[in-house]
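Chains, contacts and geometry: an overview
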Protein chains: 2
Amino acid sequence: MLDVRRLRLLAELAARGTLAEVAEALHQSPSSVSQQLGQLEREVGVPLLRKAGRRVQLTAAAEVLVEHTVEILARLEAAEAAVTALGDDTAGTVRVAVFQSVALAYMPQALADLTQRHPRLRVMLSQRAPEQALHDLALRELDLVVAEHYPDHGAPHFDGLDRQPLTTDRLRLAVPPRSSGEPWDSITSLADAGRVPWAMEPPGTASRHWIEEQCRRAGFEPEVRYETDDVEAHVALVETGNAVALLSDLMRVRHRTAVRLIELPGAPRRTVFTATRTAIADSPGILACRSALARVVPSDLELP
Amino acid sequence: MLDVRRLRLLAELAARGTLAEVAEALHQSPSSVSQQLGQLEREVGVPLLRKAGRRVQLTAAAEVLVEHTVEILARLEAAEAAVTALGDDTAGTVRVAVFQSVALAYMPQALADLTQRHPRLRVMLSQRAPEQALHDLALRELDLVVAEHYPDHGAPHFDGLDRQPLTTDRLRLAVPPRSSGEPWDSITSLADAGRVPWAMEPPGTASRHWIEEQCRRAGFEPEVRYETDDVEAHVALVETGNAVALLSDLMRVRHRTAVRLIELPGAPRRTVFTATRTAIADSPGILACRSALARVVPSDLELP
DNA sequence: GATTATTCGTAAGCAGACCTGAAGGTTCCA
DNA sequence: TGGAACCTTCAGGTCTGCTTACGAATAATC
């Protein structure tokens, strides 16, 4: 009977790449991880790791083992969720991550709703970019994630994740308010925004990738002068007449700002969804959080 | 993350009934099992055991947990089998149990075949009644079982078991040889055997159940004077003119005896099959054993 | 109905597993 | 070429988990 704790180390190694990261994630010393994996290797009698530079690489046998282990860990988590669900209703801790605009617009209300309905449920909230959040969710460092999905943009797919749509929100171009002077006042469509500076999120985010794509389709390569993942800053830069930016309705829920909005071709909408691991999707904590979000967030964000 | 070793104790408890038996099976002291289960209970925060007389009973929560655990253990075993299969071909140990007539008739040849083809494969052979063997197989105390299935007899069903037919053999009534005197010489059908003593296997076996059923259908309740699970003894008792008995072709492979054979109504055949756990069904050791049996045992036992 | 046998639970002691920290070797990068 | 990152090995300490011993409760037996 193989030791699941050791198997887990192997699975974490497959997911994280280096032995040191595994140790860090599990709050152990790298030495310990190395010893345990060595022990596992001795038990199965087949080499699991090969040296690859200064890192280690999984052998084919190890890959097979990891495949099974992922299933086992999911099942183990499901077992734990199922049995605690039977015991006490809606208690324990749920680790939630949301992206910035949701965090600012709706989470305070959702948290208030939750603590009122389920006083014994502890929600740990962190703000995280959707890609990072989904990754951490798969690694079991989070339990529930609110993420976004841009149209025609291949969403990263993780095995064992359960996704549910939460709402959709319109994407528009935000330009400085009327009478800001040129060149702002003459912008009437996305195609006009090739001559002005942009505020965008950093490269690697879905938002950045998507809006750049839209700009290229409109016939220009955007000049990204301000780069920050703080969308509050984007709004501020637009309001003060320094840049144009992509703006979603979710932002406008908080900022009834004076920026001027310009429709994008095709009136595109972004999908906002919640994701959790399938293994714990039916646990009371997750269900409670999801329904709290559903109550607080309008199912169709259509601002005037 | 629940400890799988502790979960296993719970699963074994569900399968075996008492904590002492679990301890015995796992070569531990009952005290240790009790402590570990207590720890598990503390971890999940839900009562798992309730006192039922001097034994313990599983709560609903524990049953749920066991359900998941069985899956996890199967997967764990499959993982181990898969990875050792990748490593070395057909080595290790396979624990096989067969019932008596197969043990005597074919296993010597099968073992010779196996040791020649796979010198590094170690086969541990034990003789066991089919019902007991299948039970022990499900409990992971055996890896491969050769068992029998009587027609129209509800075979005991165990989850996670993989069954493959091996052969079938004719069932006949064996009576003492001609010129043994009365009442033997006048027996020409099963219905005539109501007046003579029988040799049968002990109650609780499928064989016993089946032949008693046949007797009742033929209109009589058999007088079981000799009761033993040693079918060799059955043959001896018939040969010496002391009883009649059920005899399968599998027995006759060894004993070209002088007993007289009488067809039973409907010329019934017994099915002989191999069984293993699904989790290890694809492991090289199991495959090797099964194909050795298939080579050695004729696919259709039809003796003149 | 008293006695005996089983079974589970608790306490204390001990062995072994596991983890930490230091030291060493290799690889990668500046 | 020197430093940083990474993995491994070794020695040592801590802690988990096992065993033995004992007690309580229940079932079986005479």
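The name given to chain A in an unreviewed UniProt entry is Transcriptional regulator, and the organism recorded there is Nocardioides luteus.

Structural notes on the nonpolar core
Counting 53 residues, the largest nonpolar core has L10 and L65 of chain A together with L65 of chain B as the members making the most contacts within it. Only α1 (4-16), α2 (19-25), α3 (30-44) and α4 (60-87) of chain A together with α1 (4-16), α2 (19-25), α3 (30-44) and α4 (60-87) of chain B provide two or more residues apiece to this core. Not counting residues within four places of it along the chain, the set of residues in contact with L65 of chain A comprises L2, L7, L10, V44 and L48 of chain A together with A79 and V83 of chain B.

A look at the pairing of strand β11 (residues 269-277) of chain B
Walk down a regular strand and you will see the side chains alternate between the two sheet faces. Residue and element names in this part refer to chain B. For β11, a buried count of 7 out of 9 residues is recorded, marking the element as mostly surrounded by other parts of the structure. Here 6 bridges tie strand β5 (residues 144-149) to β11, and the two strands are oriented antiparallel to one another. Among the inter-strand pairings, V146 is bridged to a residue of β11, identified as T274. With 9 bridges joining them, strand β6 (residues 161-175) and β11 adopt antiparallel strand pairing. Counterpart to R170 in the pairing with β11 is R269.

A word on the domain arrangement of chain A
Residues and elements named next belong to chain A. When its domains are assigned, chain A resolves into domain 1 (4-84) and domain 2 (92-304). Taken over C-alpha atoms, the centre of domain 1 sits 35 Å from the centre of domain 2. If you look at the interface, domain 1 gives 10 residues, while domain 2 gives 7 residues. A buried area of about 740 Å², summed over both sides, lies between domain 1 and domain 2, and 50% of it is on carbon and sulfur atoms. It is R16, E77 and A81 that lose the most area in domain 1 upon contact with domain 2, and together they represent 56% of the buried surface on that side. Here domain 1 is connected to domain 2 by 3 salt bridges. The residue R140 makes a salt bridge to E12 at a minimum N-O spacing of 2.9 Å. Inspection of the region where domain 1 meets domain 2 yields 3 residue pairs in polar contact (both at pLDDT 80 or more). Elements with a minimum of two residues in the side of domain 1 that touches domain 2: α1 and α4. A per-element tally of the side of domain 1 that touches domain 2 places α4 first, with 5 residues.

Overview of the packing of aromatic side chains
A full pass over the atoms with the stated rule returns 2 aromatic pairs over all chains. When the centroid spacing of 5.6 Å and the interplanar angle of 35° are considered together, the rings of Y150 of chain A and W210 of chain A count as tilted. One end of the pair, Y150 of chain A, is in the loop between β5 (144-149) and β6 (161-175); the other, W210 of chain A, is in helix α8 (residues 206-217), with 60 residues separating them in the sequence. For the residue pair Y150 of chain A and W210 of chain A, the accessibility class agrees, reading buried in each case. Taking the ring centre of F273 of chain B as reference, the NZ or CZ of R163 of chain B above it sits at 4.0 Å.

Focus: the environment of D249 of chain B
Residue and element names in this part refer to chain B. Mapping D249 onto the fold places it in helix α10 (residues 249-252). As for D249 and R170, which are separated by 79 residues in sequence, their C-alpha atoms are 5.6 Å apart. A distance of 2.8 Å separates the side chain of D249 from the side chain of R172, its partner in a polar contact.

Notes on the pattern of salt bridges
Residue and element names in this part refer to chain A. Under the criterion given, the structure shown has 48 salt bridges over all chains. In this structure, R172 and D249 form a salt bridge, with 2.8 Å as the shortest nitrogen-oxygen distance. Pair noted here: R172 is in strand β6 and D249 is in helix α10 (residues 249-252), with a separation of 77 residues, a long-range link. Taken as a pair, R172 and D249 share a single burial class, namely buried. Several salt bridges converge on common partners, so that one network encompasses R208, E212, E213, R216, E221 and E227.

Section: the protein's contact with DNA strand D
Lining the immediate environment of DNA strand D, one finds 20 residues, of which L19 and A20 of chain A together with R6, S29 and S32 of chain B sit closest. Close to the protein, within 4 Å, the atoms of DNA strand D belong to sugar or phosphate groups at a rate of 75%. For DNA strand D, a phosphate oxygen lies 3.0 Å from a polar atom in the side chain of R5 of chain B. Every element with two or more residues in the surface near DNA strand D is listed here: α2, α3 and β2 (55-58) of chain A together with α1 and α3 of chain B. Top element by residues in the surface near DNA strand D is α3 of chain B. It accounts for 4 residues. Residue classes in the surface near DNA strand D are distributed as 3 nonpolar, 12 polar and 5 charged.

Calculation criteria
Residues numbered from 1 in each chain as written. Chains lettered and ligands numbered in written order. Predicted model: local features only at pLDDT ≥ 70, side-chain atom pairs only at ≥ 80, totals over all residues. Heavy atoms only, no water. Core = buried A, V, L, I, M, F, W, Y, C linked by side-chain atoms within 4.5 Å. Buried < 20%, exposed > 50% of the residue type's maximum accessible area, 1.4 Å probe, protein only. Helix = DSSP H or I, 4+ residues; strand = E, 2+ residues; numbered from the N terminus. Contact = heavy atoms within 4.5 Å. Pairing = 2+ DSSP bridges. Domains from an automatic or database assignment. Buried area = accessible area lost by both parts, 1.4 Å probe. Salt bridge = Lys/Arg side-chain N within 4 Å of Asp/Glu carboxyl O. Polar contact = N/O pair within 3.5 Å; in protein donor to acceptor, adjacent residues only side chain to side chain. Phe/Tyr/Trp six-rings, centres within 6.5 Å; stacked < 30°, edge-to-face > 60°. Lys NZ or Arg CZ within 6 Å of the ring centre and 35° of its normal. Near = heavy atom within 4 Å. Nonpolar A, V, L, I, M, F, W, Y, C, P; charged D, E, K, R; others polar.

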